[in-house]
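Coordinate analysis (summary)
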Amino acid sequence: GDSSGLHGRRYVKNNDMTIILIYDVQGHIAGISAAVPKSSSFPSAEMRNHPFVLSGNNYHISVYFVDPAIICTTGRSNSVYNHQGVGTDLYLQNGTDPIAHSKVIPHQETGIKGTQWTLGKCFPTMGVHYWYNIGRDMNCDNFFPMFLLYNGGQLNAFGWAFATQLTSTHVEHPPKSSIGGFMKEIPQCLLNHDLSTQHIYL
């Protein structure tokens, strides 16, 4: 639905909010989301409403695999879905309006040039990481909770990186000693935070 600032029919398994599947009005997959309980510390005030959108007692971060404008209106027919598969693009919702505030993530690594996505490192079996506007002396209240992965110059995955401790079995907790494996310049504030990460392959 549209009322909460989130699009699509959302399904959660066993109340684990770290994986929320999003479907369109025709019942076809349309995106994926994760949510964290509303609390005083995470997400930071800077991350509330962009990218985390409050719905009920949880803050949601969402990406869509198709144009958000069709999810709650026409959806995709069986024939279109069979032709396109899971999706056509990766749209990040970075505001309270799923249509106006969704940004397309470049398919090609060359499309990252000129944006605030910052080159990280290539981690074996994962790919080349990009982080959003990070730096050594940044404040972790501004640590954007998403990363991109490119392989052979093509977007092939993305993931969440929440600077908080989540207990789900669907998230990983990389040790601080491993952070240098996927970031060139490590924000020093991250050394004071637990990380909960999740990779989603396209």
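Procedures and definitions
Residues numbered from 1 in each chain as written. Predicted model: local features only at pLDDT ≥ 70, side-chain atom pairs only at ≥ 80, totals over all residues. Heavy atoms only, no water. Helix = DSSP H or I, 4+ residues; strand = E, 2+ residues; numbered from the N terminus. Buried < 20%, exposed > 50% of the residue type's maximum accessible area, 1.4 Å probe, protein only. Disulfide = S-S within 2.5 Å. Pairing = 2+ DSSP bridges. Axes fitted to C-alpha atoms, helices over the stretch in contact; angles between N-to-C directions. pLDDT = per-residue confidence, 0-100. Contact = heavy atoms within 4.5 Å.

Turning our attention to unusual backbone geometry. Cis rather than trans, the peptide bond between phenylalanine 42 and proline 43 has omega equal to 0°. Take proline 43: it is sitting in the loop between β3 (29-37) and β4 (53-55). You will see that asparagine 49, though not glycine, has its phi angle at about 80°, which is positive. In this fold, asparagine 49 is placed in the loop between β3 and β4. A relative accessible area of 40% means that asparagine 49 is categorised as partly exposed. At asparagine 133, a position not held by glycine, the phi torsion is positive, near 55°. Among the structural elements, asparagine 133 can be located in the loop between β9 (127-132) and β10 (146-151).

Under the defined criterion, the tally for this structure stands at 1 disulfide. In this model cysteine 140 forms its disulfide with cysteine 189; the gap between the sulfur atoms is 2.0 Å. What sets the handedness of the cysteine 140 and cysteine 189 disulfide is the S-S torsion sign, and at about 80° it is right-handed. Of this pair, cysteine 140 sits in the loop between β9 and β10 while cysteine 189 is found in the loop between β11 (154-162) and β12 (196-201), placing the two residues 49 residues apart along the sequence. For cysteine 140, a relative accessible area of 10% gives the class buried.

This brings us to the pairing of β10. Counting buried positions along β10 gives 5 out of 6 residues, so the element sits mostly inside the fold. Sheet topology note: the β9/β10 ladder contains 4 bridges and is antiparallel. Across the sheet, the residue bridging to valine 128 is tyrosine 150, located in β10. Pairing between β10 and β11: 6 bridges, direction antiparallel. The residue bridging phenylalanine 147 from the neighbouring strand is glycine 159, located in β11. Connecting the antiparallel pair β10 and β11 is a turn made up of 2 residues, with glycine 152 showing a positive phi of about 60°.

Strands in a sheet are paired, the pairing made by backbone hydrogen bonds, and the direction either parallel or antiparallel. Judged by pairing direction, the sheet is antiparallel, and its 5 strands sit side by side in the order β8-β9-β10-β11-β12 without closing on themselves. For this open sheet the edge positions go to β8 (117-123) and β12, each flanked by a neighbour on one side alone. The average undirected angle you get between the axes of adjacent strands in this sheet is 25°. Examined bridge by bridge, β8 and β9 share 5 bridges and lie antiparallel to one another. Bridge assignment links cysteine 122 to a residue of β9, and that residue is valine 128.

Here the focus is the confidence of the model for the protein chain. On average, residues of the protein chain score 94 in pLDDT, and 98% of them are at 70 or above. Of all secondary-structure elements in the protein chain, the lowest mean pLDDT belongs to β8, at 94, while strand β2 (residues 20-23) reaches the highest, 98.

By the element assignment, asparagine 58 lies in strand β5 (residues 58-64). Measuring from C-alpha to C-alpha, the distance between asparagine 58 and glutamine 108 comes to 33 Å, with 50 residues separating the pair along the chain. Dropping the residues within four chain positions of it, asparagine 58 is found in contact with Met17, Ala35, Val36, Pro37, Lys38 and Val53.

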